[in-house]
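An overview of the molecular structure
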Amino acid sequence: MLVVASLLLSLPLFAQDGDKGQILGSPHDLTTYANLAQTGNGNGQLCAYCHIPHAVQGGGAGSTPAGLPLLWNHQLPTNTTYTPYSSATLKTTTVSGDMSTPNAFYSLACLSCHDGSVALGAVYRMPDNDTLNTTVTMANLQADGPMHLVGLGNNLSQTHPVNFTYDATLVAADSGIWNVGTAANIRQIGLGTALTAVRPGTQADANGALLQPILFNGTVQCASCHNPHSEASLDFLRVPVASTNANNTAAVPSLLCLKCHSTNVLYN
Ligand code: HEC
Ligand code: HEC
Ligand code: HEC
Ligand code: HEC
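What comes next concerns the included structure. These figures come from a predicted structure and were not determined experimentally.

Focus: the nonpolar core
- Membership of the largest hydrophobic core comes to 39 residues, with the highest contact counts inside it found for Tyr49, Leu108 and Leu215.
- Secondary-structure elements contributing two or more residues to this core are helix H2 (105-114), strand E6 (214-216) and helix H5 (222-225).
- Sorting elements by how many residues they give to this core places H2 first, with 7 residues.
- Sequence-distant contacts of tyrosine 49, that is, excluding residues within four places in its chain, are made with Leu30, His74, Leu120, Gly121, Val123 and Leu132.
- Core analysis: the second largest hydrophobic core is formed by 10 residues, Cys225, Ala232, Val239 and Leu256 among them.

In structure tokens, the structure reads:
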């Protein structure tokens, strides 16, 4: 009964993240890249680059490290220490380049392809009847320019800070960001717990995903701003940045940024 109850509880929560079918034809549809051609007769498996329904059990070759969430299948980088963003005006002291922690999974999962260190088809378990290409990396792909390498050489110093805590203490130190507890249009996902809408959003994109950034267990990660399953907004963004975007009913430029940042006080 508990299992059934938790399934019922989780279904509408997942639905808030939109239709996974929207990956088809997007840059995250890795079955479409000619130099990634899959061999076998599985006709190209879309989700398998990132998730697998049944991981290899028991350790050894092809098995998934214990404790990975979301049935994760893409091999994670071996070196999980990154140079974090820093600046004299940053109020947070929690930005961490250590991507081996549970919260950091929501950045490390992206970096596993985007830092270029792991082949795009290097998965823990090959899907049935298909073999993914294990030599082509992000650096070899670059279908539309060299922009997609983020964290190259384990360097995140020129990327919006990720892997840090966004909580009441930070809000007290920086009145240029919204209070996540009351005002911010941000969603919280606690690891292993239910998703709660801090300020329930009414806006949804064309794929049913709520137009809100997400904090993972109170932390900002790559997937706070990006939804890897939906390109309803350019660049897989959870909230469109441009006011010209049809999804942006509020018609505020840089809407994504202003979900967390306020323009009230600078350099407080
Ligand atoms: C390019 C990699 C990638 C592909 C392909 C991908 N996912 Fe995901 N998926 C992720 C990442 C990263 C997360 C964690 C971040 C998040 O929750 O948005 C995730 C989270 C999820 C979640 C949990 C959160 C949610 O949004 O409901 C589900 C369920 C899921 N994926 C299903 C799928 C299915 C089904 C497919 C294939 C149709 C798929 N994914 C394809 C990367 C991918
Ligand atoms: C399995 C590998 C893989 C994973 C995991 C992955 N990506 Fe990607 N991503 C790609 C590929 C391949 C492209 C297309 C590259 C190209 O066209 O040169 C891409 C493109 C993108 C783009 C550009 C979209 C556009 O319209 O040009 C963004 C943004 C992006 N990914 C963000 C993310 C984020 C954030 C995550 C984690 C939540 C993530 N990706 C996880 C493989 C991956
Ligand atoms: C604070 C929000 C935010 C976070 C956190 C974030 N991104 Fe982005 N990302 C953006 C925005 C906005 C764009 C679109 C930039 C543009 O239009 O030039 C973007 C663009 C991208 C692109 C497309 C290429 C490019 O550089 O324009 C990739 C790939 C990408 N992000 C990956 C990542 C990865 C990997 C992480 C984590 C290390 C991450 N992002 C964290 C907001 C974010
Ligand atoms: C999920 C919430 C969130 C989103 C969305 C977001 N930010 Fe941030 N950003 C933060 C937080 C929190 C900090 C850390 C503030 C601090 O410590 O003073 C930060 C830091 C920054 C900094 C560094 C400030 C410094 O003093 O060095 C800049 C610049 C910035 N963000 C710009 C942007 C832009 C531009 C966008 C939109 C593309 C954006 N942010 C989207 C939460 C967010």
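Considering the site of ligand 4
- Taken together, 23 residues surround ligand 4, and among them Ser87, Thr89, Lys91, Cys257 and Cys260 come closest.
- Those elements that place two or more of their residues in the shell around ligand 4 are H5 and helix H6 (255-260).
- Of all the elements, H6 adds the most residues to the shell around ligand 4, at 4 residues.
- Of the residues in the shell around ligand 4, the class split is 13 nonpolar, 7 polar and 3 charged.

Quick word on unusual backbone geometry
- At leucine 70, a position not held by glycine, the phi torsion is positive, near 60 degrees.
- Tracing the backbone through its elements, the reader meets leucine 70 in the loop between strand E1 (39-40) and H2.
- Even without glycine at this site, asparagine 163 takes up a positive phi of about 65 degrees.
- Residue asparagine 163 is classed as buried on the basis of its C-beta count, with 25 C-beta atoms lying within 10 Å.

The rules behind each value
- Residues numbered from 1 in each chain as written.
- Chains lettered and ligands numbered in written order.
- Predicted model: local features only at pLDDT ≥ 70, side-chain atom pairs only at ≥ 80, totals over all residues.
- Core = buried A, V, L, I, M, F, W, Y, C linked by C-beta atoms within 7 Å.
- Buried ≥ 20, exposed ≤ 12 C-beta atoms within 10 Å, placed from the backbone.
- Helix = DSSP H or I, 4+ residues; strand = E, 2+ residues; numbered from the N terminus.
- Contact = placed C-beta atoms within 7 Å.
- Near = placed C-beta within 6 Å.
- Nonpolar A, V, L, I, M, F, W, Y, C, P; charged D, E, K, R; others polar.

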